[in-house]
There are 4 protein chains.
Amino acid sequence: MDTRRLEAFSDGVIAIIITIMVLELKVPHEASLQALRPLLPGFLTYILSYIYIGIYWNNHHHLLQATQQVSGGILWANLYLLFWLSLIPFVTGWMGENHFEPGPTALYGVVLLMAGAAYTLLQRAIVARHGRDSILKKAIGADLKGNLSLVLYLVAIAFSYFSVWIATASYVATALMWLVPDRRIERALAGRPSPEGGPHGG
Amino acid sequence: MDTRRLEAFSDGVIAIIITIMVLELKVPHEASLQALRPLLPGFLTYILSYIYIGIYWNNHHHLLQATQQVSGGILWANLYLLFWLSLIPFVTGWMGENHFEPGPTALYGVVLLMAGAAYTLLQRAIVARHGRDSILKKAIGADLKGNLSLVLYLVAIAFSYFSVWIATASYVATALMWLVPDRRIERALAGRPSPEGGPHGG
Amino acid sequence: MDTRRLEAFSDGVIAIIITIMVLELKVPHEASLQALRPLLPGFLTYILSYIYIGIYWNNHHHLLQATQQVSGGILWANLYLLFWLSLIPFVTGWMGENHFEPGPTALYGVVLLMAGAAYTLLQRAIVARHGRDSILKKAIGADLKGNLSLVLYLVAIAFSYFSVWIATASYVATALMWLVPDRRIERALAGRPSPEGGPHGG
Amino acid sequence: MDTRRLEAFSDGVIAIIITIMVLELKVPHEASLQALRPLLPGFLTYILSYIYIGIYWNNHHHLLQATQQVSGGILWANLYLLFWLSLIPFVTGWMGENHFEPGPTALYGVVLLMAGAAYTLLQRAIVARHGRDSILKKAIGADLKGNLSLVLYLVAIAFSYFSVWIATASYVATALMWLVPDRRIERALAGRPSPEGGPHGG
């Protein structure tokens, strides 16, 4: 079983997720630019979520390039990741409509946390299939970046009820940390193992 | 005619179905976590339908891997399956909004039953094209699992008006039965025929 | 320039069109099966449009298999066809919601007519690129079936204001005429030219 | 890293964008043809945006055909372009609903301007990866057509508050300028460099 159709299906789902998020930005009925002002928080949230989905797509792309075999477990780990990603438009819409209030801000973090954990699970399922001595295993290493993200999401969720700004800053900081493209797998494929972590998706 | 474009088109439709279901979860206008409570049945139904679509995608993936030739009949049997799958977001939304009442619960089962029967039809169209001695025919065998699913859907539809819980439990049980990935085709491709049934999706 | 990406893009657009049509079937708020009755015309229209889109996808699939080269003109002829197909969800929703009244019934035919003409145009653009002696040209021949469809659409549009039933029957008859898969290109590829017409999409 | 998955993902996103725009054309509740009249501006805007998205897809298709290697920078430049394209359904809906009023007309131009600039950026990222002496660099040349488009968008934005008609005419003129398929890359691939500009997307 090859990775081609798994990639194609994941690409399809991720492409739809990234595009239907924009449907949460409801077209205003008035024609004045002032009518756009209430949409600003929704627009900023859209940008943040777009970047997160972009990061996941990028890292997923790299991860599957290092994958040669697909098992049933990998198929379901991938579907489990896509499940959490599919909830991002919902939490994006809720956070955008409610101007960064505690509840939506915390739930946004919960979905990011679950998606991050699902990515780690997918990574492990692929490593388990390919063996602990594989290029992939070496490339991922201790996955410091992935684990740090999970901690940052937990911090953001906890802070949602005290300071929405710290929570939001955590989400932005995590995204920025991942925006730098992860070259570990590329490096490992080229024969240079890297000790610092794994292509954990955000 | 090869299977590549049939796969690509089916993947596209299934990816869209699985993703637009989430649009039935309407973003609440209030920011409190209590505002999410009315969405809980819809969310649980979304999970159930997501798993069903995931099972269909998985089994469809396996089925087409054992397919070498595509005929007009196979194209239409495939479109007929996708037709019933395309109605899953509708019945998911209806069941989710109406907290498992008899009507929506029964209709959910009707759509699953029709999709299951369509999958059996697609399977037969592919076997007819490849011959009764093909690997695929051996892999599917008597298709006990597929036929049992159809019976469980019928039970669930009948019970919808007596006990919604039994009906719902039937849907969950059928999904769990299929969550275990079907290794019969993989086994058959590797030369080990299996006597127990077919990769019926549902 | 090869046909691969043209196929992939067309498949994507057609997959989305066929799937978003179901969004026009609004989930009723009541749980009784009686609440589904007002949706019946919409559901029947959905089935009709689903079959039309399926026919287009099937014929498009065959047409591109006989295509080796893609020019700018072919790309735009293809986009022009997809434009008219993209309006099918709109006219389907309108006809479905208005129980086969004259206006929506006529407009449904106008969109089918334009899509049919666009398919003929695409066919000609591909033939022009491949030469009048190509397999494709022979396969299409006089395109009786395609031209008959255009006539049937015109009849249906004209009858919309006298008898919606005759108009609707014309749409159903045209779809049935195409449901029989078009084997002319397959036959021509296998070396047997056919005199009867072309894989005109519906 | 090859361009295949980048193409597939971009195709998916562009296919969805071009198709969900039609969802902004709300199905009227009345059955008379007069009920369609208020939809006319929205329909015209839909046509314009459809052509723009078609131009981007065409040019993107050509650009990636001249691309052999994909870097992290190219992936993000591509996502940045898709971000601006994803906002086209929103501005199309707003302009269509508000009959070409100044605010929506200007914002439409802003999104086109940003998308055009993003396309230039993507082009530069690809040229940077392939070297200044590459076929692509020669094909793009001074990119007069691309730069002229950016100027025309700026003109349109500025005129939105004085004459919506001049602004709209600028959008239509720019689209027409690009509708003629760009043969420079094709020519360059065939060994004939062209001095006039680049496949800037609209």
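Parameters at a glance
- Residues numbered from 1 in each chain as written.
- Chains lettered and ligands numbered in written order.
- Predicted model: local features only at pLDDT ≥ 70, side-chain atom pairs only at ≥ 80, totals over all residues.
- Heavy atoms only, no water.
- Least-squares fit on C-alpha atoms with pLDDT ≥ 70 in both.
- Contact = heavy atoms within 4.5 Å.
- Helix = DSSP H or I, 4+ residues; strand = E, 2+ residues; numbered from the N terminus.
- Buried < 20%, exposed > 50% of the residue type's maximum accessible area, 1.4 Å probe, protein only.
- 1 Å grid on protein atoms, 1.4 Å probe; cavity = no way out; pocket = protein on both sides within 12 Å on 5 of 7 lines; lining within 4 Å.
- Points joined across faces, edges and corners; volume = space filled by probe spheres on them.
- Nonpolar A, V, L, I, M, F, W, Y, C, P; charged D, E, K, R; others polar.
- Buried area = accessible area lost by both parts, 1.4 Å probe.
- Salt bridge = Lys/Arg side-chain N within 4 Å of Asp/Glu carboxyl O.
- pLDDT = per-residue confidence, 0-100.
- Expected span 1.5 Å × (residues − 1).
- Arc of directions from axis to C-beta.
- Patch = residues over 30% accessible without salt bridge, like charges linked within 9 Å, V, L, I, M, F, W, Y side chains within 5 Å.
- Areas by Shrake-Rupley, 256 points an atom, 1.4 Å probe, with all protein chains shown as cover.
- Lys, Arg positive; Asp, Glu negative; His and termini not counted.
- Charge placed at Lys NZ, Arg CZ, Asp CG, Glu CD.
- Axes fitted to C-alpha atoms, helices over the stretch in contact; angles between N-to-C directions.
- Left-handed = near helix turned anticlockwise from the far one by under 90°.
- Parallel < 35°, antiparallel > 145°, perpendicular 65-115°, else oblique.

Participant: Can you tell me about the relation of the copies chain B and chain A, naming the residues and giving the values?
Facilitator: Under the fitted operation, chain B is carried onto chain A by 0.0 Å of movement along the axis and a turn of 90°, and the coordinates agree to an RMSD of 0.0 Å. Such a combination of turn and shift is consistent with a four-fold rotation axis. In terms of C-alpha distance to the rotation axis, chain B has B:G12 as its closest residue, with the C-alpha 4.3 Å off the axis. An overlap of only 5% is found between the interface residues of chain B and their copies at the interface of chain A, pointing to separate contact surfaces.

Participant: Residue-level account of the relation of the copies chain A and chain D, with values.
Facilitator: When chain A is fitted onto chain D, the two copies agree to an RMSD of 0.0 Å after a turn of 90° and an axial shift of 0.0 Å. When you check the interface residues of chain A against chain D, a mere 5% turn up at the interface there too, and the two sides of the contact use different surfaces.

Participant: Summarise the side chain of B:T168; cite the residues concerned and give the values.
Facilitator: Residues and elements named next belong to chain B. Take T168: it is sitting in helix α8 (residues 164–179). Looking at T168, the relative accessible area reads 11%, which means it is buried. When neighbours within four sequence positions are excluded, T168 is seen to be in contact with F100 and T105.

Participant: Outline the layout of surface pockets, supporting the account with residue identities and numerical values.
Facilitator: Sizing a probe to match a water molecule and rolling it over the atoms shows the empty space that remains. Of the pockets and cavities examined, the second largest pocket occupies roughly 760 Å³. As for the second largest pocket, its lining consists of 36 residues, of which A:A8, B:A8, B:D11, C:A8 and D:A8 are closest to the centre. Those elements that place two or more of their residues in the lining of the second largest pocket are α1 (4–20) of chain A, α1 (4–20) of chain B, α1 (4–20) of chain C together with α1 (4–20) of chain D. By residue class, the composition of the lining of the second largest pocket is 16 nonpolar, four polar and 16 charged.

Participant: I'd like a description of the interface of chain A and chain D, backed by residues and values.
Facilitator: Counting residues at the interface gives 39 residues for chain A and 31 residues for chain D. Together chain A and chain D conceal approximately 3100 Å² of surface at their shared face, both sides included; 70% is due to carbon and sulfur atoms. As a salt-bridge pair, A:E7 and D:R4 come within 3.4 Å of each other at their nearest N and O atoms. Counting only elements with at least two residues in the side of chain A that touches chain D, the list comes to α1 and α2 (40–65) of chain A. Ranked by the residues each element gives to the side of chain A that touches chain D, the list is headed by α2(A), at 14 residues. Considered class by class, the residues forming the side of chain A that touches chain D number 23 nonpolar, 10 polar and six charged.

Participant: Report on the interface of chain B and chain A, specifying residues and quantitative values.
Facilitator: Contacts between the two partners involve 39 residues from chain B and, on the opposite side, 31 residues from chain A. Here chain B packs against chain A, burying approximately 3100 Å² in sum over the two surfaces, 70% of which is carbon and sulfur. Per-residue buried area on chain B facing chain A is highest for B:V27, B:Y50 and B:W57; these three make up 19% of the total on that side. Along the contact surface separating chain B from chain A lie two salt bridges.

Participant: Pulling in residues and values, what's your account of helix α4 (residues 88–97) of chain C?
Facilitator: Residue pairs three or four apart in sequence face the same way in an α-helix, which turns once every 3.6 residues. All names here are of chain C. Most of α4 sits inside the fold, with nine of its 10 residues counted as buried. Of the residues making up α4, those classed as buried are I88, P89, F90, V91, T92, G93, W94, M95 and G96. Each element contacted by the buried residues of α4 is listed here: α1, α2 (40–65), α3 (72–86) and α5 (102–130). Immediately beyond the C-terminal end of α4, within one or two residues, lies H99, with a positive phi of roughly 40°.

Participant: Account for the confidence of the model for chain A, naming residues and giving values.
Facilitator: The predicted coordinates should not be examined in detail at positions where pLDDT is low. All names here are of chain A. Taken as a whole, chain A shows an average pLDDT of 84; of its residues, 87% reach a score of 70 or greater. Per-residue pLDDT, averaged within each element of chain A, yields its smallest value for helix α9 (residues 184–189) (61) and its largest for helix α3 (residues 72–86) (93). Scored below 50 in pLDDT, residues 192–202 shows 56 contacts in the model against residues more than four places distant or in partner chains. Here the complex is predicted with pTM 0.87, and the ipTM for its interfaces comes to 0.85.

Participant: Which residues make up α8(B), and what are the values?
Facilitator: Residue and element names in this part refer to chain B. Look at α8: 23 Å from first C-alpha to last across 16 residues, which is about the 22 Å you get at 1.5 Å a residue. By the burial criterion, the buried members of α8 are V164, A167, T168, S170, Y171, T174, A175 and W178. Buried residues of α8 fall within an arc of 150° about the axis and therefore sit on the same side. Exposed residues on α8 whose side chains face more than 90 degrees from its buried face are W165 and L176.

Participant: Explain a positive patch on the surface residue by residue, including any values.
Facilitator: A grouping of A:K26, B:K26, C:K26 and D:K26 is seen on the molecular surface, where their side chains present a positively charged patch. Relative to the elements of secondary structure, C:K26 occurs in the loop between α1 and α2. C:K26 gets classed as exposed once you look at its relative accessible area, which sits at 57%.

Participant: If you had to explain the environment of B:Q69 to someone new, which residues and values would you point to?
Facilitator: Tracing the backbone through its elements, the reader meets B:Q69 in the loop between α2 (40–65) and α3 (72–86). In this structure, the C-alpha to C-alpha distance between B:Q69 and B:F100, residues 31 residues apart in sequence, is 42 Å.

Participant: I'd like to hear about a nonpolar patch on the surface, residue by residue, with values.
Facilitator: Side chains of A:L33, D:L148, D:V151, D:V155, D:F159, D:Y161, D:F162 and D:I166 sit close together on the surface and give an oily, nonpolar patch of about 750 Å² of accessible area. No other element matches the four residues that helix α7 (residues 144–159) of chain D contributes to the nonpolar patch. Judged by its relative accessible area of 41%, D:L148 falls in the partly exposed class.

Participant: Please provide a residue-by-residue account of the packing of α2(A) against helix α8 (residues 164–179) of chain A, values included.
Facilitator: Residue and element names in this part refer to chain A. Two elements in contact, α2 and α8, have axes separated by 10 Å at closest approach and are oriented at 35°. As α2 packs across α8, the resulting crossing turns out to be left-handed. Taking contact as the criterion, the partners of L48, I51, Y52, I55 and N59 in α2 are, on α8, Y171, V172, T174, A175, W178 and L179.

Participant: How would you sum up the packing of α2(A) against α3(A)? Please name residues and give values.
Facilitator: All names here are of chain A. Contact geometry for α2 and α3: axes closest at 12 Å, N-to-C directions at 165°. Overall, the two elements α2 and α3 adopt an arrangement that is roughly antiparallel. As α2 packs across α3, the resulting crossing turns out to be left-handed. Across the interface between the two elements, I53, Y56 and H60 of α2 pack against N78, L81 and L85 of α3. Here the contact of α2 with α3 is composed, by residue class, of four nonpolar, two polar and no charged.

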